[in-house]
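Chain by chain, the residues run as shown.
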Amino acid sequence: MKRLFILLGALLLSMSNVQWSMIYACTNLVVGKKASKDGSVIISYSQDSYGSFEPLRVIPAADHPAGTMHPLYHYETGNYLGEIPEVPHTYGVVGLMNEFQLTIHETTYGGRSELTDTVSGLIDYGSLMVLALQRAKTAREAIQVMTELTETYGYESEGESFTIADPNEVWIMDMIGKGPGRKGTVWVAVRIPDDCISGHANQSRIHQFPLKDKKNCLYAKDVISFAKEKGFFNGKDADFSFADAYAPADFGALRFCEARIWSYFNKWGAEDMQPYLPYAMGDTKGKVIPLYVKPKALLSVQDVKDMMRDHYEGTPMDVTKDIGMGAWEMPYRPTPLSFECDGKKYFNERPISTQQSACVYVSQMRSWLPNHIGGVTWFANDDANMVAFTPVYCNMTQAPECYDKHTADAFHFSTRSAYWVENWVSNMVYLRYNLLFPELQKVRDRLEADYNSLQPDIESKAAAMGKEDAIKYLSAYSHRTASAMMDEWNQLAQLIIVKYNDMAVKRTDESGQYEKTPGGDPRPVLRPGYPENYKRQIIQQTGTHYQVPN
């Protein structure tokens, strides 16, 4: 999916054979079915890319005559790459979940640049995900489809981590190509224990793995021998680490990527994560963060949504505690991640929640329900912190209008487009965050609470229907909730510009109605000025320059 490329220049430490001139920005979080409150498998995905317009893709199931070819277009650029034979039948896909609840998410880690094959590789990572969703019913089957496709047609992309999940299990697969002229990939896939949580965020996370546990670990037959051939590894097979061989970590890979997973584990993991903090903060000699941990409490879908809103609160990397917040206490930092001042190099933190998110998925898969009811994607355009997720069921055949690719695009604003209206609101909120975010949060949390409370009743009614009627019913519900969210967000945009115009605040009474004079005009507005902390910083910097004489 769309990725953010941020130049770090001289900030990044030397990585010998690895060229990490760029950092990518997506986040996947994972909850096994015995680690969730209701037995759901839950995975999330923040698709982070400046300027990327991301609709909700809906691909209906289809039959294909013999000889049909499947055209391949690069998932990011739209450029034509070639074509491969189509299969007789392809499954329906909504977002990144298919009609059997199979779901695939990703983050890009880059890895060794010489292993990228943009010359002869025919399938990029995004196309690989879609092809697997159209051709597989389970996570294990998807792994087979993905690896066979790259073996046959070549892999065009850089190193990639995939979360591959179905209602019963979750796998994380790290994959990288073999370089120009050599088809296939080297890869390893590890099944996350049902009672654990996991995640990845633009850095390969699979280190050593069990070589003889085929039930819980699958890998390319040459994953170790190829590394030895290329000089990436020369030890005993039992000591082999995929991440160390194909994506050795530097400061940026840890501080900007692994730190996001550390924050997730720190909040929800049962294990004490303090011993791993040096590694998360960029120390390549620190203790490596495990691939998965057991949670200290069972997680709900809402817990995962809220974790996607993380800004490192309460950790040493907390972005809500220093002057970088600006006057209006905004928990975001402008990019690029690195900057230079007076000849010295500095950087900004990169938490899970980030302003460049084009969309966010929280995918819920449930084994005890029919697929058309059990599979639901909680979808939102823009940064998870600044939007309300709405439910989208996995067997619908048409995206809600506000998420549809025909409603708007990257170059044309529309009040009917969730992407544009939600970005419109968030970009107003960013600039006076401490004043405006409570207005947004109030609407966001109310809507999500409503959708969460309605879900059991909606699904109970659907379960009493025949499959086709249930699909129609759940599709209509998905469209209604998305439309209702859009109405609320358009009203929120109007409220912000009316109530908070010109850096002032119109007075309201306890019911939220604007206070008026007997003649009907607004009462004198409130002028809150700078927060107290920022006032003190101005005084520290300027001394008595602005002090009123006695």
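### As for the overall build of the chain
Then, number 1: The helix and strand inventory of the chain stands at 12 helices and 23 strands.
Then, number 2: Relative to the globule expectation of 24 Å for 550 residues, the C-alpha radius of gyration of the chain, 24 Å, shows essentially globular dimensions.
Then, number 3: For the chain, the spread of C-alpha atoms along the principal axes amounts to about 80 × 65 × 45 Å.
Then, number 4: When the 550 residues of the chain are sorted by exposure, 58% land in the buried category.
Then, number 5: The long-range share in the chain, meaning contacts at least 24 apart out of those at least 6 apart in sequence, stands at 70%.

### Notes on unusual backbone geometry
Then, number 1: Cis rather than trans, the peptide bond between Thr-335 and Pro-336 has omega equal to 10°.
Then, number 2: Summarising the element assignment, Pro-336 is placed in the loop between α7 (301-307) and β19 (338-341).
Then, number 3: Even without being glycine, Asn-202 reaches a positive phi, approximately 75°.
Then, number 4: Here Asn-202 shows up in the loop between β16 (197-200) and β17 (217-219).

### Comments concerning the pattern of salt bridges
Then, number 1: Under the counting rule described, the total for this entry stands at 24 salt bridges.
Then, number 2: One salt bridge connects Lys-442 with Glu-439, and the closest N-O pair in it is separated by 3.7 Å. One end of the pair, Lys-442, and the other, Glu-439, are both in helix α10 (residues 433-463), three residues apart, so they sit about a helical turn from each other.
Then, number 3: For Lys-442, a relative accessible area of 54% puts it in the exposed group.
Then, number 4: A residue is classified by how much of its surface remains accessible, and Glu-439, at 7% relative accessible area, is buried.
Then, number 5: Salt bridges sharing partners connect three or more residues here, namely Arg-140, Glu-169, Arg-191 and Asp-194.

### Examining the side chain of Glu-422
Then, number 1: Here Glu-422 lies in helix α9 (residues 418-431).
Then, number 2: Once residues lying within four places of it in the same chain are set aside, the contact partners of Glu-422 are Asn-381, Asp-382, Val-387, Ala-388, Met-485 and Trp-489.

### Here we look at the packing of aromatic side chains
Then, number 1: For the structure on display, the rule yields 26 aromatic pairs.
Then, number 2: The interplanar angle of 90° and the centroid separation of 6.1 Å between the aromatic rings of Phe-209 and Phe-240 together place this pair among those described as edge-to-face. Separated by 31 residues along the polypeptide, Phe-209 in the loop between β16 and β17 and Phe-240 in the loop between α3 (223-230) and α4 (242-246) bring together distant segments of the chain. With respect to class, Phe-209 is no different from Phe-240; both count as buried.

### Regarding the pairing of strand β4 (residues 41-48)
Then, number 1: Most of β4 is tucked away: eight of the eight residues are buried.
Then, number 2: Note that strand β3 (residues 26-31) and β4 share six bridges and pair antiparallel. Each bridged residue has a counterpart across the sheet, and for Cys-26 the counterpart in β4 is Gln-47.
Then, number 3: Examined bridge by bridge, β4 and strand β21 (residues 357-365) share eight bridges and lie antiparallel to one another. Among the inter-strand pairings, Gln-47 is bridged to a residue of β21, identified as Cys-359.

### Focus: a nonpolar patch on the surface
Then, number 1: Together, Leu-495, Ile-497, Val-498 and Tyr-514 give the surface a local cluster of nonpolar side chains, amounting to about 300 Å² of exposed area.
Then, number 2: Within the element layout of this structure, Val-498 appears in helix α11 (residues 467-499).
Then, number 3: By relative accessible area, which is 37% here, Val-498 ends up partly exposed.

### Some words on the sheet that holds β3
Then, number 1: Read from one edge to the other, the open sheet built from seven strands follows the order β18-β16-β3-β4-β21-β22-β23, with strand pairing classed as antiparallel. One side of each edge strand has no neighbouring strand; the edge strands of this open sheet are β18 (292-293) and β23 (390-393).
Then, number 2: Direction of pairing for strand β22 (residues 376-381) relative to β23: antiparallel, over a ladder of four bridges. Its bridge partner lying in β23, Thr-377 is registered against Val-392.

### Concerning α10
Then, number 1: Compared with an ideal rise of 1.5 Å per residue, which puts 31 residues at 45 Å, α10 spans 43 Å between its outermost C-alpha atoms and is within 8% of the ideal.
Then, number 2: The largest bend along α10 measures about 35° and falls at Gln-455, with the proline Pro-456 one to four residues further on.

### Here we look at the environment of His-311
Then, number 1: As for its position among the elements, His-311 is in the loop between α7 and β19.
Then, number 2: For His-311, a relative accessible area of 2% translates into the label buried.
Then, number 3: Expressed as a C-alpha distance, the spacing of His-311 and Ser-263, which sit 48 residues apart in the sequence, is 9.0 Å.
Then, number 4: Residues within four places of His-311 in sequence aside, it is in contact with Met-317, Asp-318, Val-319, Pro-331, Tyr-332, Pro-351, Ser-353 and Asn-385.
Then, number 5: A distance of 3.5 Å separates polar atoms of two side chains, one belonging to His-311 and the other to Tyr-332.
Then, number 6: Reaching out from His-311, the side chain makes a polar contact with the side chain of Ser-353 at a distance of 3.0 Å.

### Quick look at the packing of α9 against α11
Then, number 1: Across the interface, α9 lies against α11 with an axial gap of 10 Å and an inter-helix angle of 30°. Between α9 and α11, the angle is such that the two are roughly parallel. The interaxial crossing formed by α9 with α11 has left-handed handedness. Contacts between α9 and α11 involve Ala-418, Val-421, Glu-422, Trp-424, Val-425, Met-428 and Val-429 on the former and, on the latter, Met-485, Met-486, Trp-489, Asn-490, Leu-492, Ala-493 and Ile-496.
Then, number 2: Of the residues in the contact of α9 with α11, the class split is 12 nonpolar, one polar and one charged.

### Thoughts on the pairing of strand β8 (residues 80-85)
Then, number 1: For strand β7 (residues 69-73) and β8, the ladder comprises five bridges, and the chain directions are antiparallel. Across the sheet, Pro-71 pairs through a bridge with Glu-83, a residue of β8.
Then, number 2: Counting the residues between successive antiparallel strands, the hairpin from β7 to β8 contains six residues, one of them, Gly-78, with a positive phi of roughly 80°.

### Structural notes on the nonpolar core
Then, number 1: Residues Phe-162, Ile-164, Phe-240, Tyr-246, Met-485 and Trp-489 are the most contacted members of the largest nonpolar core, which totals 149 residues.
Then, number 2: In terms of residue count, α11 provides more of this core than any other element does, 11 residues in total.
Then, number 3: Contact partners of Phe-240, with chain neighbours within four places excluded, come to His-207, Gln-208, Phe-209, Val-223, Ile-224, Ala-227, Phe-233, Ala-245 and Tyr-246.

### Brief notes about the confidence of the model for the chain
Then, number 1: Here the chain averages 93 in pLDDT, and 96% of its residues register 70 or above.
Then, number 2: Here residues 1-23 is modelled with pLDDT under 50, and outside its nearest four sequence neighbours on either side it reaches 85 contacts, counting other chains as well.

Calculation rules
- Residues numbered from 1 in each chain as written.
- Predicted model: local features only at pLDDT ≥ 70, side-chain atom pairs only at ≥ 80, totals over all residues.
- Heavy atoms only, no water.
- Helix = DSSP H or I, 4+ residues; strand = E, 2+ residues; numbered from the N terminus.
- Rg over C-alpha atoms; globule rule 2.2 N^0.38 Å.
- Buried < 20%, exposed > 50% of the residue type's maximum accessible area, 1.4 Å probe, protein only.
- Contact = heavy atoms within 4.5 Å.
- Salt bridge = Lys/Arg side-chain N within 4 Å of Asp/Glu carboxyl O.
- Phe/Tyr/Trp six-rings, centres within 6.5 Å; stacked < 30°, edge-to-face > 60°.
- Pairing = 2+ DSSP bridges.
- Patch = residues over 30% accessible without salt bridge, like charges linked within 9 Å, V, L, I, M, F, W, Y side chains within 5 Å.
- Areas by Shrake-Rupley, 256 points an atom, 1.4 Å probe, with all protein chains shown as cover.
- Expected span 1.5 Å × (residues − 1).
- Bend = angle between axes of the 7 residues up to and from the residue.
- Polar contact = N/O pair within 3.5 Å; in protein donor to acceptor, adjacent residues only side chain to side chain.
- Axes fitted to C-alpha atoms, helices over the stretch in contact; angles between N-to-C directions.
- Parallel < 35°, antiparallel > 145°, perpendicular 65-115°, else oblique.
- Left-handed = near helix turned anticlockwise from the far one by under 90°.
- Nonpolar A, V, L, I, M, F, W, Y, C, P; charged D, E, K, R; others polar.
- Core = buried A, V, L, I, M, F, W, Y, C linked by side-chain atoms within 4.5 Å.
- pLDDT = per-residue confidence, 0-100.

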